[in-house]
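Structural overview
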Amino acid sequence: MFKVPSGLSNEMSKNNSDAEIDEGLYSRQLYVLGHEAMKCLQSSSVLVSGLRGLGVEIAKNIILGGVKAVTLHDEGTTQWSDLSSQFYLREEDIGKNRAEVSQPRLAELNSYVPVNIYTGPLVKDFLGCFQAVVLTNTPLEDQMQVGEFCHSHGIRLVVADSRGLFGQLFCDFGEEMILNDSNGEQPLSAMVSMITKDNPGIVTCLDEARHGFESGDFVSFTEVQGMSELNGAPPMEIKVLGPYTFSICDTSCFSDYVRGGIVSQVKVSKKISFKSLTASLAEPDFVITDFAKYARPAHLHIGFQALHQFCIQYHRVPRPHNEEDATKLMALAQAVNAQALPAVQQDILDEDLIRKLAYVAAGDLAPINAFIGGLAAQEVMKACSGKFMPIMQWLYFDALECLPENRAGLTEDKCLPLQNRYDGQVAVFGSDIQKKLGKQKYFLVGAGAIGCELLKNFAMIGLGCGEGGEITVTDMDTIEKSNLNRQFLFRPWDVTWARDEFEGLFKQPAENVNHYLTDPKFLERTLKLTGSQPFEVLKAVQRSLVLQRPHTWADCVTWACHHWHTQYSHNIQQLLHNFPPDQLTSSGAPFWSGPKRCPHPLTFDVNNPLHLDYVMAAANLFAQTYGLTGSLDRAAVATVLHSVQVPEFTPKSGVKIHVSDLELQSAFVDDSQLKELKVTLPSPDKLPGFKMYPIDFEKDDDSNFHIDFIVAASNLRAENYDIPPADRHKSKLIAGKIIPAIATTTAAIVGLVCLELYKVVQGHRQLESYKNGFINLAIPFFSFSEPLAPPYHQYYNREWTLWDRFDVQGLQANGEEMTLRQFLNYFKKEHKLEITMISHGVSMLYSFFMPATKLKERLDQPMTEIVTRVSKQKLGHHVQALVLELCCNDESGEDIEVPYVRYIIR
């Protein structure tokens, strides 16, 4: 009996499901998956078998995803062709076991995920140690044996393969997989305006926005007034009747509906069933990736089976672009097709498609591996987490548009292996295109998740790696820990409210004070602001320097306590004084209805952790802005709070509460108020050396009180309005403006981008060769379309688009630069165009209506000198060319549109 290697069984038996999730590392992924799905991942061990380019790509994405453990399996040794797609291999690794050389480099990706290796045969006892198994570069017979074992033992199976410009993916997650969330979208919610007493009851939502539900969704109700039987009832299935209406259960015996109510979508778990690999081979279900190639999956299903037979029969893959081997593969495919069941058998097999499969099957392309590898890893994460709809069950992909448009030059002799790292790519495209790739000069802006994936693929395909080639990267951002991985009333602005509160308390006032103290024109500029802004800015300066300036830590605690009462008690009481809960509008409708939710004031309780959290964070941040030392002693702060005297709230009469942003912007403050305010401000010369310390929001330091304040402030406001609170993670995502991201999607998208790059480098001219791609890996959904042609313009007999330009060499043969006069004459002589206007950015360099004296002065000046004088900016040494826009007349004097000018100066 096979025995699991020593040490490996211990690693795989560890249960990390109760381990803490590193929210810094996984913050972007957590927003996509959620905590429950992440916990499921952390309890799943995964086997990845086959470590050529595709296998390593899948392993990389799974390790970044944060599973419990990954075991790498491969019995083979590295070959030269592996280097073109296996991004961790080096030349010195040739001849070594693939798993052994990959392990240390993959293990560096995520310290939370143990990465083990195994180099023996796949046997049943070993396979039983895993929750999910991934097979790549595996013979079909072995796939079927492993597939039967996995299917009968509840082990999730993913089979992936890439052959040149073709990719294949198969999923079997058992006969009873529990799907907890099919799309990962936030549950929808809507406000109710009417519910009928009927069978079925008809629900009408407010017409401010479509409800977005679909028939078959389940919903629940809260805060319904009158028809209270709906509140807290079990989730009920709906049938959509229109964008604002849907039907529910029998409501004819319920109480009369009065008003209000919130209806929310409820995610309901369901079971889905998969066929085994053997059964699905005979009767496959296909996911279509490109509807322009709707018929291809069935043909490729036959072709891949024939390819496996070819490899067994001839102990090799078909030779690149070899007609003899292509004919042999076609014969095998015909035999497979003849024996196939009616569900997959083709009347006429696509010979051209099968022959192209033979031509490129020896190839191994990094972009194809990136795309198929991203999809395969995503399926593993679905299998382990129960989140998102899996691929049911076969996916085939091809990118034949990447082949040269002129196939005559792509001959077998140009695709033979040369024993270098690009052999896998040369097998597909030939050596001429490989040289062309090496000579490219590319500029990459941004080296984040997508940027790093692009750089990896650039290196793998040899972009810019040849003589004269170059890749330049720029990124001004700094690396954050989250970069390392890649409810209805609670909207981003409810929390981006707490973020605004942070800026308004701890950044803007301090900046304004410093400007007031150091900039003599600060008051003058402030008074020129519109509406009530001058009063608000100066009032904030007054508060910071006079009314609320602290001198001790206790003063900061007192300020925080008073501010808590102002925000969450007194302001709410004033609002309810102006608009009581039973307030009616001029039309007789309740004021607090529809989207306007009636709030209630909070009562401060020092024993309430959330209340104390707010004071601790606010007091420490307030102290920082004045350079005072804060404190972490919650007990001492509680003691100070017991002695703070907060005046009882007394409603103010005549207070204007703005019910819209427009009212706020148009608010009027008379000059007398501003004059009184200016008098109370201390003169800057009476505060020598004093300055404040503005705080820039930083989300990734959990000890700086920034996120603590955001979470407490937003959840206290939510409590005012009976809105469910947001946890720290969600608040951090929204306040920190973290973009949700996951490594699988990044890899897949970059793979598609680099496939388009092949076409650009080759100079493909046919528009239908290019593809726009739209993918949603959660559903899953794929759509590819041809890009639209740019609009064409014409002058004389020349057609041009926005991609065209005039290239003008500014430096002449004598070493001197072209003058404005020479520039004008050049266009008149070479292009029969009379220039009437020249601009560079917002700078006007020349116009026909320019005063004669100015025109005379400029005509004999070099173009760069004119640009420098007009723009009042020197041209940096890095500037290679100027972009000039022209207005021109043709020979008949008609105004015509022309391309822009690239004026080359270096």
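Rules used throughout
Residues numbered from 1 in each chain as written. Predicted model: local features only at pLDDT ≥ 70, side-chain atom pairs only at ≥ 80, totals over all residues. Heavy atoms only, no water. Salt bridge = Lys/Arg side-chain N within 4 Å of Asp/Glu carboxyl O. Buried < 20%, exposed > 50% of the residue type's maximum accessible area, 1.4 Å probe, protein only. Helix = DSSP H or I, 4+ residues; strand = E, 2+ residues; numbered from the N terminus. 1 Å grid on protein atoms, 1.4 Å probe; cavity = no way out; pocket = protein on both sides within 12 Å on 5 of 7 lines; lining within 4 Å. Points joined across faces, edges and corners; volume = space filled by probe spheres on them. Nonpolar A, V, L, I, M, F, W, Y, C, P; charged D, E, K, R; others polar. Pairing = 2+ DSSP bridges. Right-handed = clockwise from strand over helix to strand, strands pointing away. Contact = heavy atoms within 4.5 Å. Axes fitted to C-alpha atoms, helices over the stretch in contact; angles between N-to-C directions. Core = buried A, V, L, I, M, F, W, Y, C linked by side-chain atoms within 4.5 Å. Expected span 1.5 Å × (residues − 1).

Describing the pattern of salt bridges
Scanning the entire structure with this criterion turns up 39 salt bridges. Between R319 and E324 there is a salt bridge, with its nearest N and O atoms 3.4 Å apart. Accessibility expressed as a relative area gives 31% for R319, which makes it partly exposed. For E324, a relative accessible area of 46% puts it in the partly exposed group. Between E323 and R355 there is a salt bridge, and its shortest N-O distance comes to 2.7 Å. Taken together, the residues E323 in helix 10 (residues 323-339) and R355 in helix 11 (residues 351-360) connect sequence positions 32 residues apart. Sharing partners across several salt bridges, the network here consists of R52, D74, D82, R98 and D364.

Focus: empty space enclosed by the protein
When its volume is computed, the largest cavity comes out at roughly 70 Å³. Lining the largest cavity we find I288, T289, D290, K293, R296, P297, L300, Y396, F397 and D398. Of all the secondary structure elements, the ones that give two or more residues to the lining of the largest cavity are helix 9 (296-314) and strand 17 (394-398). Of the residues assigned to the lining of the largest cavity, the class counts are 5 nonpolar, 1 polar and 4 charged.

Re the pairing of strand 5 (residues 156-163)
Walk down a regular strand and you will see the side chains alternate between the two sheet faces. Judged by how many residues are buried, strand 5 sits mostly within the fold: 8 of 8 residues are covered. Of the two faces of strand 5, the one holding R156, V158, A160 and S162 and the one holding L157, V159, D161 and R163 are both buried throughout. Pairing of strand 4 (residues 132-136) with strand 5 involves 5 bridges; the strand directions are parallel. Considered in strand 5, the bridge of A132 is made with R156. Handedness of the β-α-β unit built from strand 4, helix 7 (residues 140-152) and strand 5 comes out right-handed. Relative to strand 6 (residues 166-172), strand 5 runs antiparallel, the two being bridged by 7 bridges. In the strand pairing of strand 6, D161 is matched with Q168. Between strand 5 and strand 6, which follow one another and run antiparallel, lie 2 residues, and G164 among them has a positive phi close to 60 degrees.

Points about the sheet that holds strand 1 (residues 45-49)
An order of 3-2-1-4-5-6-17-16 is seen for the 8 strands of this open sheet, with the pairing classed as mixed. With partners counted over all chains shown, the strands left at the sheet margins are strand 3 (115-118) and strand 16 (286-287), one partner each. Relative to the sheet, helix 9 contacts strand 5, strand 6, strand 16 and strand 17, its axis offset from that of strand 17 by approximately 90 degrees. Packed on one face of the sheet, helix 12 (residues 366-385) meets strand 1, strand 4, strand 5, strand 6 and strand 17 and runs near 175 degrees to strand 5.

Focus on the nonpolar core
Side chains of a nonpolar character, in soluble globular proteins, are inclined to be buried together. Judged by nonpolar contacts, the single largest core of 125 residues is most densely connected at I62, V133, L165 and F397. For this core, the leading source of residues is helix 12, giving 11 residues. Listed in part, the 56 residues of the second largest apolar core include C561, M616, Y626 and L681.

A closer look at helix 7
Helix length check: helix 7 (13 residues) gives 18 Å between terminal C-alpha atoms against 18 Å at 1.5 Å per residue, within 8%. Looking one or two residues past helix 7, G154 carries a phi angle of roughly 70 degrees, positive in sign.

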